[in-house]
Amino acid sequence: GRATELARGKAVIDHEWGILTIKASGPSIEAFWNGKPLLTATDPRPAGGRVGLATAGPGQASFDELVFDVAASAP
């Protein structure tokens, strides 16, 4: 597929590391940086079982521990 920008966010980087949390449910996506809201978006064509992550701008981003966790479905 082709990358499509759904939203932009800007975080204050005041430590060497931080925690990026992304919650996706159907077409809804929310991202948090160190527990603070970073962005919200809606994906017009969500694809089950696929994950993509990209960064933009100057500098670099690296991940020490990248975990994808599937939330339990409601009964």
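Residues numbered from 1 in each chain as written. Predicted model: local features only at pLDDT ≥ 70, side-chain atom pairs only at ≥ 80, totals over all residues. Heavy atoms only, no water.

Moving on: the overall build of the protein chain. From N to C terminus, the protein chain includes 0 helices and 3 strands. Of all 75 residues assigned to the protein chain, the portion counted as buried reaches 5%. Once local pairs closer than 6 in sequence are excluded, the contacts in the protein chain between residues at least 24 apart make up 27%. Per element, the accessible surface of the protein chain, about 7300 Å² overall, is 52% carbon and sulfur. Averaging the coordinates of the 7 positive side-chain charges in the protein chain and doing the same for the 8 negative ones gives two points 11 Å apart. (Helix = DSSP H or I, 4+ residues; strand = E, 2+ residues; numbered from the N terminus. Buried < 20%, exposed > 50% of the residue type's maximum accessible area, 1.4 Å probe, protein only. Contact = heavy atoms within 4.5 Å. Areas by Shrake-Rupley, 256 points an atom, 1.4 Å probe, with all protein chains shown as cover. Lys, Arg positive; Asp, Glu negative; His and termini not counted. Charge placed at Lys NZ, Arg CZ, Asp CG, Glu CD.)

Quick look at unusual backbone geometry now. A positive phi angle, close to 55 degrees, is found at Asn-34, a residue other than glycine. Mapping Asn-34 onto the fold places it in the loop between strand 2 (28-33) and strand 3 (36-42). Classification of Asn-34 as partly exposed rests on a relative accessible area of 36%.

In this section: the pattern of salt bridges. Under the counting rule described, the total for this entry stands at 1 salt bridge. Between Arg-8 and Glu-5 there is a salt bridge; the shortest N-O distance is 2.8 Å. Overall, the relative accessible area of 69% leaves Arg-8 in the exposed class. On the basis of relative accessible area, Glu-5 is assigned to the exposed category, the value being 55%. (Salt bridge = Lys/Arg side-chain N within 4 Å of Asp/Glu carboxyl O.)

This next bit is on the pairing of strand 2. Here is the key point about a regular strand: its side chains alternate between the two faces of the sheet. Looking at chain direction, strand 1 (residues 20-25) and strand 2 are connected through 6 bridges and run antiparallel. Residue pairing across strands places Ala-24 opposite Ile-29, the latter belonging to strand 2. Linking strand 2 to strand 3, which pair antiparallel, is a turn of 2 residues; within it Asn-34 sits at a positive phi near 55 degrees. (Pairing = 2+ DSSP bridges.)

For the rest of this paragraph, the subject is the environment of Phe-63. Structurally, Phe-63 is set in the segment after strand 3. Judged by its relative accessible area of 43%, Phe-63 is partly exposed. When the C-alpha positions of Phe-63 and Leu-20 are compared, they lie 9.9 Å apart, and in sequence the two are 43 residues distant.

Moving on, we come to a nonpolar patch on the surface. A cluster of nonpolar side chains, namely Leu-20, Ile-22, Val-51, Leu-53, Phe-63, Leu-66 and Phe-68, defines an oily patch on the protein surface of about 680 Å² accessible area. Within the secondary structure, Val-51 is located in the segment after strand 3. (Patch = residues over 30% accessible without salt bridge, like charges linked within 9 Å, V, L, I, M, F, W, Y side chains within 5 Å.)

Before going further, it helps to spend a moment on the sheet that holds strand 3. If you walk across this open sheet you meet the 3 strands as 1-2-3, and the pairing is antiparallel. Each end of this open sheet is capped by a strand with a single partner; those strands are strand 1 and strand 3. For this sheet the average axis-to-axis angle between neighbouring strands, irrespective of direction, equals 15 degrees. (Axes fitted to C-alpha atoms, helices over the stretch in contact; angles between N-to-C directions.)

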